[in-house]
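# Summary of structural features
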Amino acid sequence: MASLKPLAGKVCIVTGATRGIGKGIALQLGAAGATVYITGRTLKKREGDPVGGSLEETASEVKKKGGDCIPVQCDHSKDNDIKALFDRVSRDQDGQLDVLVNNAYSGVQAIANAYNKPFWEQDPGVWDEINVVGLRNHYICSVYAAKLMVPRKRGLIVNVSSAGGLSYIFNVAYGVGKEGCDRMAVDCAIELKKHNVAFVSLWPGAVRTENLIHIINEKSFGEGKDVKILEEAITSGETPEYAGLAVTHLAADPNVMKKTGRILIAADLGNEYGFVDVDGVRRSSMRELGFALSFTTKSPIFKKIIPSFIRIPCWMLSLAGNKF
């Protein structure tokens with residue numbers, strides 16, 4: 001990026017930023033100079049919490065990076081809390097909101113608890129655990145964000161989604177929710193485009209979040225070959241800040257409208273914008289043929305011998321989700 005503070009003067013909201021991907025995104029937006037409102041249910045550090053993470057801790061880290069961070073306690077399963085969040089930002093910032101990142105999610109433990117169980121053996125309540133704070137909340141936040149962005153004729157909304165929106169991963173409720181997030185970005189973008197507001201869906205790869213590492217350590221996914229593969233993918237995966245770098249570059253891109261209505265893979269953005277993960281690793285995209293073959297065959301040889309620039313076209317990748 002051309003400037004050390006390319007987002008100076010920008011106002012952002014990152015939902016679900018006490019830890020994990022949301023925290024990583026908040027850290028990078030703050031480091032780029034934005035004023036970042038962060039949300040979550042846990043305001044203060046809780047002693048004895050095996051995973052940890054709070055809004056105040058995230059805000060402190062953002063400020064250490066030179067950013068301005070405002071923690072707002074918010075339960076994203078409650079409509080009144082969501083409305084109060086956007087009302088506050090509107091009052092504080094005279095109606096300005098430049099970036100919304102829909103990241104809040106409460107279904108990780110529910111997914112782990114139900115792992116490898118068919119949907120009819122799971123409590124039907126798993127749907128709400130996964131999709132109320134995930135899919136439903138993302139829509140409500142997007143409505144309120146658009147009310148602020150459309151009059152100003154600029155803005156960016158990002159749904160944090162995953163490849164589960166393309167084909168089966170984890171369970172039925174998870175996949176339906178992620179495909180809903182992707183479709184939301186595509187359809188909302190159609191209505192927002194004439195107002196110069198961009199809406200995209202972002203697919204990070206496997207991310208080594210605090211919560212997932214704790215679940216792995218507790219063996220909550222169970223045992224088996226597929227579990228071992230999943231755990232290896234997570235422990236060697238992206239840092240939470242890699243998605244933050246992707247969002248920051250999108251927010252700083254004057255031509256971001258060319259990407260509106262699309263699903264964007266974080267590692268593809270790393271290749272396009274020229275950034276690596278904060279641990280110095282160049283992350284591989286699921287579209288890189290060598291990476292894809294190595295992952296599916298469980299043999300690293302393909303990743304070593306096939307150049308990274310040889311990629312699966314997006315149209316071909318989309319065939320994995322073909323329903324006709």
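What counts, and where the lines are drawn
Residues numbered from 1 in each chain as written. Predicted model: local features only at pLDDT ≥ 70, side-chain atom pairs only at ≥ 80, totals over all residues. Heavy atoms only, no water. Salt bridge = Lys/Arg side-chain N within 4 Å of Asp/Glu carboxyl O. Helix = DSSP H or I, 4+ residues; strand = E, 2+ residues; numbered from the N terminus. Buried < 20%, exposed > 50% of the residue type's maximum accessible area, 1.4 Å probe, protein only. Core = buried A, V, L, I, M, F, W, Y, C linked by side-chain atoms within 4.5 Å. Contact = heavy atoms within 4.5 Å. Phe/Tyr/Trp six-rings, centres within 6.5 Å; stacked < 30°, edge-to-face > 60°. Lys NZ or Arg CZ within 6 Å of the ring centre and 35° of its normal. Expected span 1.5 Å × (residues − 1). Arc of directions from axis to C-beta.

In the annotation of an unreviewed UniProt entry, the entry for the protein chain reads Dehydrogenase/reductase SDR family member 1, and the organism field reads Littorina saxatilis.

### Quick notes on the pattern of salt bridges
Counted by the stated rule, this structure contains 16 salt bridges. Between glutamate 61 and lysine 23 there is a salt bridge whose closest N-O contact spans 2.7 Å. One end of the pair, glutamate 61, is in helix H2 (residues 55-64); the other, lysine 23, is in helix H1 (residues 20-31), with 38 residues separating them in the sequence. Looking at glutamate 61, the relative accessible area reads 32%, which means it is partly exposed. You can call lysine 23 buried: its relative accessible area is 14%. Two residues, lysine 44 and glutamate 56, come together in a salt bridge whose shortest N-O distance is 2.9 Å. Taken together, the residues lysine 44 in the loop between strand S2 (35-40) and H2 and glutamate 56 in helix H2 connect sequence positions twelve residues apart. Each of Arg208, Asp277, Asp279 and Arg283 takes part in salt bridges that share partners, so that together they form one network.

### Brief notes about the nonpolar core
Among the nonpolar cores identified, the biggest contains 46 residues, and Val14, Ile25, Leu29, Ile38, Leu156 and Leu202 are the most heavily contacted of them. If one sorts the elements of this core by residue count, helix H9 (residues 240-252) sits on top with seven residues. Sequence-distant contacts of isoleucine 38, defined by excluding residues within four places in its chain, comprise Val14, Ala17, Ala26, Leu55, Thr58, Ala59, Cys69, Ile70, Pro71 and Val72. Core analysis: the next-biggest nonpolar cluster, separate from the first, contains 25 residues, Ile70, Val89, Leu100 and Ile140 among them.

### Re the environment of cysteine 74
Its location among the elements puts cysteine 74 in the loop between strand S3 (68-73) and helix H3 (79-92). Taking the relative accessible area as the measure of exposure, cysteine 74 reaches 2% and is therefore buried. Along the chain, cysteine 74 and tryptophan 203 lie 129 residues apart, while their C-alpha atoms are 24 Å from each other. Ignoring any residue separated from it by four or fewer positions in sequence, one finds cysteine 74 in contact with Thr39, Gly40, Arg41, Asp81 and Ile82.

### Remarks on the packing of aromatic side chains
The final tally for this structure, using the stated rule, is five aromatic pairs. Between phenylalanine 170 and tyrosine 174 the ring centres are 4.9 Å apart and the planes differ by 85 degrees, which places this aromatic pair in the edge-to-face class. Within the aromatic cluster, the residues linked to one another by ring pairs are Tyr115, Phe170 and Tyr174. Lysine 178 extends its terminal NZ or CZ atom over the ring of tyrosine 105, reaching a point 4.5 Å from the ring centre.

### Structural notes on H3
Compared with an ideal rise of 1.5 Å per residue, which puts 14 residues at 20 Å, H3 spans 20 Å between its outermost C-alpha atoms and is within 8% of the ideal. All of the buried residues along H3 are Ile82, Leu85, Phe86 and Val89. One face of H3 carries all of its buried residues, which in axial projection span an arc of 85 degrees. For H3, the exposed residues lying more than 90 degrees away from the buried face are Asn80 and Arg91.

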